[in-house]
Amino acid sequence: MKVKVKKLPHAEDLPLPFYATPGSSCMDLLAAVEGSLVIEPLKRVLVPTGIAIELPEGLEAQVRPRSGLALKYGITVLNAPGTIDSDYRGEIKVILINLGEEPFLLQRGERIAQLCFCKVVKIEWEPTENLSPSERGEEGFGSTGGKV
Ligand SMILES: O=c1ccn([C@H]2C[C@H](O)[C@@H](COP(=O)(O)OP(=O)(O)OP(=O)(O)O)O2)c(=O)[nH]1
Ligand SMILES: [Mg+2]
């Protein structure tokens, strides 16, 4: 499936997001920051990616963290998974937070997060007073046992 993508002027020298391997579910998003920036512990930053896209209706994109950054440095996507609506035409940006103990140096062009594309199911509410019974009923939040 083809999706329109616009490279923004501040990212002209950067490659488009890409699948790192043929079997990757997500494309890696690159940091289109000027030079570099430091993310201090417990601080969050809005990182530009230098691209805007036009999704066909019925598709959304999700911004997910990269496990390597999370494990090695405590860097993650604060609002994971970030939602990119099909009618959004602005720059895709990533809200990163540093949950590690050390300041993190982020450099231009580094892979900061990943983007996957998903089908969206739209529903219509059918208001009712009666929901059908089920084995679980109203139980949840650890009700099936185990450690929690
Ligand atoms: O990680 C993200 C999350 C969102 N967006 C952009 C695309 C998305 O379509 C738009 C709105 O996102 P969301 O619905 O999550 O934010 P909101 O706080 O509900 O804002 P709005 O009232 O604009 O919908 O912001 C990003 O670029 N990156
Ligand atoms: Mg919204």
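Fair warning: this is a prediction, and the values are worked out from it, not measured in the lab. (Residues numbered from 1 in each chain as written. Chains lettered and ligands numbered in written order. Predicted model: local features only at pLDDT ≥ 70, side-chain atom pairs only at ≥ 80, totals over all residues. Heavy atoms only, no water.)

Student: Run through the layout of surface pockets, naming residues and quoting values.
Tutor: The space that makes up the largest pocket amounts to roughly 240 Å³. Contributing to the lining of the largest pocket are Met-1, Val-3, Val-5, Leu-16, Pro-17, Tyr-19, Met-27, Ile-51, Ile-53, Leu-59, Leu-115 and Phe-117. Mapped by element, the contributors of at least two residues to the lining of the largest pocket are strand 5 (44-54) and strand 11 (111-119). Residue composition of the lining of the largest pocket, grouped by class: twelve nonpolar, no polar and no charged. (1 Å grid on protein atoms, 1.4 Å probe; cavity = no way out; pocket = protein on both sides within 12 Å on 5 of 7 lines; lining within 4 Å. Points joined across faces, edges and corners; volume = space filled by probe spheres on them. Helix = DSSP H or I, 4+ residues; strand = E, 2+ residues; numbered from the N terminus. Nonpolar A, V, L, I, M, F, W, Y, C, P; charged D, E, K, R; others polar.)

Student: Before we move on, can you summarise the UniProt feature "binding site: substrate" (unreviewed entry) in the protein with the specific residues and values?
Tutor: Per the UniProt record, "binding site: substrate" (unreviewed entry) is annotated on Arg-66, Ser-67, Gly-68, Asn-79, Thr-83, Ile-84 and Asp-85. A maximum C-alpha distance of 26.5 Å among these annotated residues, which run over 20 residues, shows that they spread across the structure rather than meeting at one spot. Relative to the assigned elements, Arg-66 resides in the loop between strand 6 (59-64) and helix 1 (67-73). According to the relative accessible area criterion, Arg-66 is partly exposed, its value standing at 21%. Not counting residues within four places of it along the chain, the set of residues in contact with Arg-66 comprises Asp-28, Ile-75, Arg-111, Ile-112, Ala-113 and Gln-114. Turning to its location among the elements, Asp-85 is positioned in the loop between strand 8 (82-84) and strand 9 (91-98). Its relative accessible area of 43% is what places Asp-85 among the partly exposed residues. (UniProt positions renumbered as here; feature names shortened; annotations may be inferred. Buried < 20%, exposed > 50% of the residue type's maximum accessible area, 1.4 Å probe, protein only. Contact = heavy atoms within 4.5 Å.)

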